[in-house]
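Report on the structure
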Amino acid sequence: LAQDFGYGGQHGPEHWSEDYNRCSGKQQSPINIDLVNVEDKTYPTLEFFNTMVTPKVMHISNNGHTVLVRMTYEEGMEPRVRGGPLSELSPFTGYQFEQFHFHWGENDTVGSEDLIDNHAYPAELHVVLRNLEYPNFESALGKDHGLAVMAFFFQVKKEGTESYEDFTNQLAKIGRKGMSVNFTNPMPLRDYLSWDLLNYYTYVGSLTTPPCSEDVTWIDFMEPIDITEKQLDAFRQLTANDEHLNNNFRPIQPLNDRKVYKSVL
Ligand code: SG7
Ligand code: ZN
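Computed from a prediction, not measured in an experiment: that's the story for all the values here. All chains use their own residue numbering, which begins from 1 and follows the written sequence. Just so you know, chain letters begin at A and ligand numbers begin at 1, following the order they were written in. Totals for whole chains, interfaces and linings use every residue, but because this is a predicted model, local features are given only for residues with pLDDT of at least 70 and side-chain atom pairs only at 80 or more, for both listing and counting. No hydrogens and no water enter the side-chain calculation; it runs on all heavy atoms of the structure.

Quick word on the coordination of the zinc ion (ligand 2)
Every protein donor of the zinc ion (ligand 2) is accounted for by H101 (NE2), H103 (NE2) and H126 (ND1), and the metal-donor separations fall at 2.0 Å. Metal-coordinating donors are taken as N, O and S atoms lying within 2.8 Å of the metal, or within 3.2 Å when the metal is Na, K or Ca; because water is left out, some sites can appear incomplete. Irregular is the default label, applied whenever a site is not tetrahedral (four donors, all angles between 85 and 135 degrees) and neither square planar nor octahedral (four or six donors, opposite donors over 155 degrees apart, all other angles between 65 and 115). In this structure, the zinc ion (ligand 2) is surrounded by four donor atoms whose angles at the metal cover 97 to 115 degrees, and the resulting shape is tetrahedral. Mapped onto the sequence, the donors of the zinc ion (ligand 2) take the spacing H-x1-H-x22-H. One end of the pair, H101, is in strand β7 (residues 95-104); the other, H126, is in strand β9 (residues 123-131), with 25 residues separating them in the sequence. Judged by relative accessible area, which is 11%, H101 ranks as buried. Think of it this way: any DSSP run of H or I at least four residues long counts as a helix, any run of E at least two long counts as a strand, and we number them from the N terminus. Per-residue accessibility, obtained with a 1.4 Å probe over protein chains only, is compared with the maximum for each type, and a residue is labelled buried under 20%, exposed over 50%, and partly exposed between these values.

Rendered as structure tokens:
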């Protein structure tokens, strides 16, 4: 079996392609979004369904790479996204929410995976979506238009975002790899996202970890989410095998033949 991947040394990003050949593909993520080369494009409206539904349980785990969040909903009440750059990729069913997770730095100068004009934000939220034309996550992985990820950047502010106060308070309970907690008082998905969901960049890339599967539609929202230094510090306490999870971001990858689009109304 392939070695578990990491972010430094012998198992770091430069070595991922030895065990996972997709990681040296031509459509990899993350990238630097160079604003002078972004092309304006008018998409159908991006539509959100069930994002205001309160989940029954939020399962938060330290999987050794990130803080991974899964939510349990009443049958059929799972959040879905449709339209925007996804409209032609799944015109009927749209994409369903699978999980969200985070990437962050040891200090505020690094942390995000995609960069904007070579600027890194201190953290980034990834909301992973699966095309409902596939029956489950595994069958959508690496398939045509199988996955989409909505990315949100964090910026440090004196006042954070309310939903992240309760959330980051849970992180002390998952200090080491393999630990998890069932948070029974979660807020709807909408409350963990930024306010403006109209303005975004979009491009076709990959998962940013092994197996680095391609044909992932990335939607990077322009408006950052506010977070306090204290809330970020809760992420920075987390460990795996006595090392901090900090700096769990992959370095930027070549854009090659791809274009990045900016949604315009
Ligand atoms: C994080 O990022 C986890 C992974 C995820 C990976 O390490 O969220 O998910 C699980 C279930 O551990 O990998 C296959 C997959 O979703 C890559 O996701 S990302 O491209 O959005 N960063
Ligand atoms: Zn991610």
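Moving on, there is more to tell.
Comments concerning the environment of N247
Assignment of secondary structure puts N247 in the loop between β15 (243-244) and β16 (261-263). Judged by relative accessible area, N247 falls into the partly exposed class, the value being 22%. Measuring from C-alpha to C-alpha, the distance between N247 and P211 comes to 19 Å, with 36 residues separating the pair along the chain. By definition, residues are in contact when any of their heavy atoms lie within 4.5 Å. Look past the residues within four positions of N247 in its chain and what remains in contact with it is Y7, W104, G105, E106 and V110. Each polar contact in these results corresponds to two N or O atoms within 3.5 Å; when the atoms are within protein, one needs to be able to donate a hydrogen and the other to accept it, and residues that are neighboring in sequence are counted only if both atoms are side-chain atoms. Side-chain polar atoms of N247 contact the backbone nitrogen of E106, separated by 2.8 Å.

Observations regarding the pattern of salt bridges
Any carboxyl oxygen of Asp or Glu that lies within 4 Å of a side-chain nitrogen of Lys or Arg is treated as forming a salt bridge with it. If you walk through the whole model with that rule in mind, you get eight salt bridges. For E47, the salt bridge goes to R82, with nearest N and O atoms at 3.2 Å. In this pair, E47 is assigned in strand β3 (residues 46-49) and R82 in strand β6 (residues 80-83), connecting sequence segments 35 residues apart. Connected via shared salt-bridge partners are D108, E229, D233 and R236.

Some thoughts on the packing of aromatic side chains
Between 30 and 60 degrees the pair is tilted, below 30 it is stacked and above 60 it is edge-to-face, where a pair is any two Phe, Tyr or Trp rings, Trp via its six-membered ring, whose centres lie within 6.5 Å. Applying the stated rule across the entire model yields 22 aromatic pairs. Judged by centre distance (6.1 Å) and plane angle (40 degrees), the ring pair of F102 and F154 falls under tilted. With F102 in strand β7 and F154 in strand β10 (residues 147-156), this residue pair connects regions lying 52 residues apart in the sequence. Ring geometry for Y164 against F167: centres 6.0 Å apart, planes inclined by 80 degrees, an arrangement best described as edge-to-face. In this pair, Y164 and F167 both sit in helix α3 (residues 162-170), three residues apart, roughly one turn of the helix. Three or more aromatic residues link up through ring pairs in this structure, and these residues are F97, F100, F102, W104, F154, Y164, F167, Y192 and F235. Here K41 stacks its cationic end above the ring of Y261, 4.5 Å away from the centre of that ring. We call a charge positioned above a ring when the Lys NZ or Arg CZ atom is no farther than 6 Å from the ring centre and deviates by at most 35 degrees from the ring normal.

Observations regarding the site of ligand 1
Proximity criterion: a residue is near a molecule or strand once any of its heavy atoms comes within 4 Å of it. Neighbouring ligand 1 are 16 residues; N63, Q99, H101, L207 and T208 lie closest to it. N63 places a side-chain nitrogen or oxygen 3.2 Å from an oxygen atom of ligand 1. Accessible surface area values rest on a Shrake-Rupley calculation with a 1.4 Å probe, where residue burial reflects the displayed protein chains alone. Its free accessible area being 500 Å², ligand 1 has 86% of it covered by the protein chains. More than half of the atoms belonging to ligand 1 lie within 2 Å of the grid points that define the largest pocket. Those elements that place two or more of their residues in the shell around ligand 1 are β5 (67-72), β7 and β9. Among the elements that take part in the shell around ligand 1, β7 stands out by supplying three residues, more than any other. A cavity, in this analysis, means grid points on a 1 Å lattice covering only the protein atoms where a 1.4 Å probe fits yet has no way out; a pocket is instead an open set bounded by protein on both sides within 12 Å along at least five of seven lines, and a residue lines either one if it has an atom within 4 Å of a point. The rule for placing a molecule in a cavity or pocket is simple: more than half of its atoms must lie within 2 Å of the grid points.

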